[in-house]
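Next come the chains, spelled out residue by residue.
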Amino acid sequence: MRKIEKKESNNAFSGFYGNLGVATKRAISSMFLLIALFVLFAFLRPGVFLSTNNIQNLLQQIVTYAIIGCGLTFCLVCGGNDLSAGASMALSGIIVVSLLVRGWPMWLCIVLCLIMGVLTGIMNGYFIEILGVIPFVATLGTQWVYRGLANGLVDGAPVYTVDIPGEAVGAVGGTQWWFYQLGGGRFPGGLPYSVIIMLVYALILGVVLAKTRIGRQIYACGSNLEAAKLSGINAVGTRMFAYCMSGFSAAICGILVASRMSSAQPMAGNGYEMEAIAAAVLGGIAITGGEGNILNTIIGALMMGVIRNGLNLIGVNSYWQQVIIGMILVIAVAQQMRRHRRSGSVTPSPLRVLYTRFFTSQAKAG
Amino acid sequence: MKKLTALVLALAMMCALVACATGDVPSTSPAGSGTSTTGDSSAANDPPAPNTPPAAEKKTIYILVKVLGNQYWSIVEAGARKAGEDLGCNVVIIGTAAESEVEKQVALLQDAVSAKADGIVIAPLDRKAMAAPVSEQFKAGIPIILIDSSVDTEDYSAAYLTDNIAAGRLAAEAMLTKLRAIGTPEDKEGVIAVTVGSTGSQAIIDRDDGFKEYWDANAPAAWKVLWDEIKVNDGDAQKALTFGQDFITSYPNLIGFFAPNNGSTVGFVKALEESGRTDITMVGFDFSAEMEAIVRNADYNVATVLQRQYYMGYDGIKKALEIANGGTVTEKVVDTGVMVVDNANVDSAEVQNVVNGG
């Protein structure tokens, strides 16, 4: 106990915020694994894996997981979870395309869709924070609600952007063209716009989580909810914000996917929330809350992307890919746990971490 | 109480917003296994309940599609609804959330029987697992019409199916014709990549078998299909797109794409369009908006095998109603047939008739 206290007081952000260091260490160890994977696949498929074209494809392939993952990071860090993200993504896609084909201006459709995303977050937050349903159950329920809405609104049939009224199909500069550019457009060199959108979005969320007041409050809530409340943090509001970020991210993702596929599919995004959670965990986010940042999620998403893409390139069939990815997920996390346990920066059980946090914060207050 | 009001308000807010989005909101279905009812106005939303017997002789036919929220099935549903309107019967559409939910389909079938359906149209999810439940209900005296897929029993009234092996052969034939039409060298190594929705679906297995059979008998030895590297996309078009991209990256000698179901087809079409590879020949299944766009584009060498699923829905309901009204069956298994559509015949009256449901 004494040892841990000492360690924490050495940290620049002592008390609640002492976790940033751990997350960065995990990010670094994940980064090594990522580099190892790059080298492995570059060795197995020389000239193909590292080709500009394939790297651009790879980045485009991780856009969905990375964006949903960034939103989910907020939920995970504040000690919650959001299983409704995939369904919320499908609903957002349906809404934006349904409005577009009714001839509404594109900016308005996008804004309404994003508001809808925030509303789904508010609904999740309401069930969890106000009605006190545990996050797993609440978002499992809302997952069905959003999926049902997405299906019901369009009677189960996809909505196509080719039905957007006005200009000739595919005319450059028309609504259809602009909408397609969001998710499917590329720079002259071949780099998709959506990759830039993802990076900018991740950067913004990263700054919000690491550098702002609300971000630090999220860490506080995730580390020790009771202590956070005692120190005057509006825990309900903070966690509400986290769920809204998740819903908002899902909405962005819904727009990008609908754009790239030129259609909104009511069954889109099935299981994407699990992929996003896996990416976050692979990157080093603690599922118990209070630890991790956006960098972890992005590295995790990259790892998932590299593994998938690499296994496709060396011709491994889908079922064995699942086996391999599952094993890597568990082994990577076990490895991280072991390393940090040994270096003493993470105590073995989450319970003990919580207790220690509580103790140190009390000591500081007194 | 206050909380309850707030909850209702939040829900109302959401519904209001989404209602704007679609104007006419149809009766919706909860994600998994929902019910949406159509037919004539009056008792449309009220399948016969024990206390209120339905008006006069109006029959109620249940149709169990495979997956709700899927483009292929939405066309079957449209056919069924049209039949309901034309023939003046109640049509109740139910379905599962995924092709793997066989157990849930058994429950849905039982529910339809409990609801005193006059006839049941069903697309069985699994030919072995659904055999006993279908047989049991048929023997209990309910007319059962199979659509899309068959089961391992003779206990049903009639079946409206695509002969999927024949459809697979036709797809292979179209692929060979199209490859030769653009002068692909027959002595040079070339590979065909395949992605499927699932490897457990009998329809997909049959199509692959038909394709394989025709291909092995007729294709030049240098053209190989990558059967060992078949990719499973779980019906997610975006996953299929990823596989398509990676196939293109991985095989410089890729000459063709084969996709035996709708989701796979959409993904591969997108992969072709994004990469701009007009030199890759493709044969897919079904006629989604994506497929229509690429078929109409003369730069691409693409064909699709069209099923007549609208008629499966329409004729299925029609036949069920006939039998419920005391009719008899003359032809037990009807092949609804397929056709190959490409740039040359897409605007022909015959194709348009099938696409738009006659």
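Thresholds applied
- Residues numbered from 1 in each chain as written.
- Chains lettered and ligands numbered in written order.
- Predicted model: local features only at pLDDT ≥ 70, side-chain atom pairs only at ≥ 80, totals over all residues.
- Heavy atoms only, no water.
- Helix = DSSP H or I, 4+ residues; strand = E, 2+ residues; numbered from the N terminus.
- Buried < 20%, exposed > 50% of the residue type's maximum accessible area, 1.4 Å probe, protein only.
- Contact = heavy atoms within 4.5 Å.
- Areas by Shrake-Rupley, 256 points an atom, 1.4 Å probe, with all protein chains shown as cover.
- Buried area = accessible area lost by both parts, 1.4 Å probe.
- Salt bridge = Lys/Arg side-chain N within 4 Å of Asp/Glu carboxyl O.
- Polar contact = N/O pair within 3.5 Å; in protein donor to acceptor, adjacent residues only side chain to side chain.
- Nonpolar A, V, L, I, M, F, W, Y, C, P; charged D, E, K, R; others polar.
- Phe/Tyr/Trp six-rings, centres within 6.5 Å; stacked < 30°, edge-to-face > 60°.
- Lys NZ or Arg CZ within 6 Å of the ring centre and 35° of its normal.
- Expected span 1.5 Å × (residues − 1).
- Core = buried A, V, L, I, M, F, W, Y, C linked by side-chain atoms within 4.5 Å.
- pLDDT = per-residue confidence, 0-100.

## Digging into the overall build of chain B
Item 1. Of the regular secondary structure elements, chain B holds 11 helices and 14 strands.
Item 2. When the 358 residues of chain B are sorted by exposure, 56% land in the buried category.
Item 3. Taking all contacts inside chain B whose residues are at least 6 apart in sequence as the whole, residues at least 24 apart take part in 71%.
Item 4. As presented, chain B carries roughly 14300 Å² of accessible surface, and 52% of it is formed by carbon and sulfur atoms.

## A few points about the overall build of chain A
Item 1. Along its length, chain A carries 15 helices and two strands.
Item 2. Every one of the 366 residues in chain A was classed for burial, and the buried ones make up 57%.
Item 3. Within chain A, contacts between residues at least 6 apart in sequence are counted, and of these 77% link residues at least 24 apart.
Item 4. Of the accessible surface of chain A, which amounts to about 14600 Å², a share of 70% is contributed by carbon and sulfur atoms.

## Quick notes on unusual backbone geometry
Item 1. Non-glycine residue Ser-262 of chain A carries a positive phi angle of around 55°.
Item 2. Secondary-structure assignment places Ser-262 of chain A in the loop between helix H11 (235-261) and strand E2 (263-264).
Item 3. Positioned with a positive phi, Asp-234 of chain B is a non-glycine residue whose angle comes to about 55°.
Item 4. One can find Asp-234 of chain B in the loop between strand E9 (231-232) and helix H7 (237-250).

## Focus on the interface of chain A and chain B
Item 1. Taken together, the contact between chain A and chain B spans 55 residues of the former and 48 residues of the latter.
Item 2. Taken over both partners, the interface formed by chain A and chain B buries close to 4500 Å², and the fraction arising from carbon and sulfur atoms is 57%.
Item 3. Across the chain A-chain B interface, the total number found is one salt bridge.
Item 4. Across the pair Arg-260 of chain A and Glu-274 of chain B runs a salt bridge, and its minimum N-O distance is 2.8 Å.
Item 5. Here chain A and chain B share 15 residue pairs in polar contact (both at pLDDT 80 or more) between them.
Item 6. Put simply, the parts of the chain that give the side of chain A that touches chain B at least two residues each are helix H3 (52-77), helix H4 (85-101), helix H5 (106-130), helix H6 (135-153), H11, helix H12 (272-283), helix H13 (294-313) and helix H14 (318-343) of chain A.
Item 7. The residue inventory of the side of chain A that touches chain B, partitioned by class, reads 28 nonpolar, 20 polar and seven charged.

## Describing the pattern of salt bridges
Residues and elements named next belong to chain B.
Item 1. Tallied over the entire structure, the rule returns 21 salt bridges over all chains.
Item 2. In this structure, Glu-154 and Lys-332 form a salt bridge, with 3.6 Å as the shortest nitrogen-oxygen distance. Taken together, the residues Glu-154 in the loop between strand E5 (144-148) and strand E6 (158-161) and Lys-332 in the loop between helix H10 (309-324) and strand E13 (333-335) connect sequence positions 178 residues apart.
Item 3. Looking at Lys-332, the relative accessible area reads 28%, which means it is partly exposed.
Item 4. Note that Lys-319 is salt-bridged to Glu-322, the shortest N-O span being 3.4 Å. Residue Lys-319 and its partner Glu-322 are located together in helix H10, separated by three residues, close to a single helical turn.
Item 5. Overlapping salt bridges, with partners in common, bring together Glu-292, Arg-296 and Asp-347 in one network.

## A few points about the packing of aromatic side chains
Residues and elements named next belong to chain B.
Item 1. Across all of its chains, the model carries 16 aromatic pairs over all chains by this definition.
Item 2. Centroid distance Phe-211 to Trp-215: 5.5 Å. Interplanar angle 10°. Geometry classified as stacked. Here Phe-211 pairs with Trp-215, and both are found in helix H6 (residues 202-218), just four residues apart, close to one helical turn. Accessibility classification places Phe-211 together with Trp-215 in one group, the buried group.
Item 3. Where Phe-211 meets Phe-258, the ring centres are 4.0 Å apart and the plane angle is 20°; that geometry is what we call stacked. In this pair, Phe-211 is assigned in helix H6 and Phe-258 in strand E10 (residues 254-258), connecting sequence segments 47 residues apart. Exposure class is identical for Phe-211 and Phe-258. Each is buried.
Item 4. Among the aromatic residues, ring-to-ring pairing joins Phe-211, Trp-215, Trp-227, Phe-258 and Phe-285 into one connected group.
Item 5. In this structure, Lys-332 packs its charged tip against the face of Tyr-156, placed 4.5 Å from the ring centre.

## Some words on the side chain of Ser-30 of chain A
Item 1. Looking at where Ser-30 of chain A falls in the secondary structure, it is placed in helix H2 (residues 20-44).
Item 2. There is a polar contact of 3.3 Å between the side chain of Ser-30 of chain A and the backbone oxygen of Leu-282 of chain A.

## Looking at H11 of chain A
Item 1. Between its first and last C-alpha, H11 of chain A extends 39 Å over 27 residues, near the 39 Å set by a 1.5 Å rise per residue.
Item 2. Positive backbone phi, at 55°, marks Ser-262 of chain A, one or two positions downstream of H11 of chain A.

## Considerations on the nonpolar core
Item 1. The biggest cluster of nonpolar side chains holds 98 residues, and the ones touching the most others in it are Ile-67, Ile-68, Phe-74, Met-89, Leu-91, Val-96 and Ile-294 of chain A.
Item 2. Broken down by element, this core gets its largest block of residues, 13 residues, from H11 of chain A.
Item 3. Setting aside chain neighbours within four positions, we find Ile-67 of chain A in contact with Met-198, Tyr-201, Ser-249, Ile-252, Cys-253 and Leu-256 of chain A.
Item 4. The next biggest cluster of nonpolar side chains, apart from the first, holds 28 residues, and it includes Val-65, Leu-68, Val-91 and Ile-323 of chain B.

## Quick look at the confidence of the model for chain B
Residues and elements named next belong to chain B.
Item 1. Taken residue by residue, chain B gives an average pLDDT of 83. The fraction at 70 or more is 84%.
Item 2. A low-confidence stretch, residues 18-55 stays under pLDDT 50, and its non-local contacts, those more than four residues away or across chains, total 72 contacts.
Item 3. Two summary scores accompany this predicted model of the complex, namely pTM at 0.74 and ipTM at 0.72.

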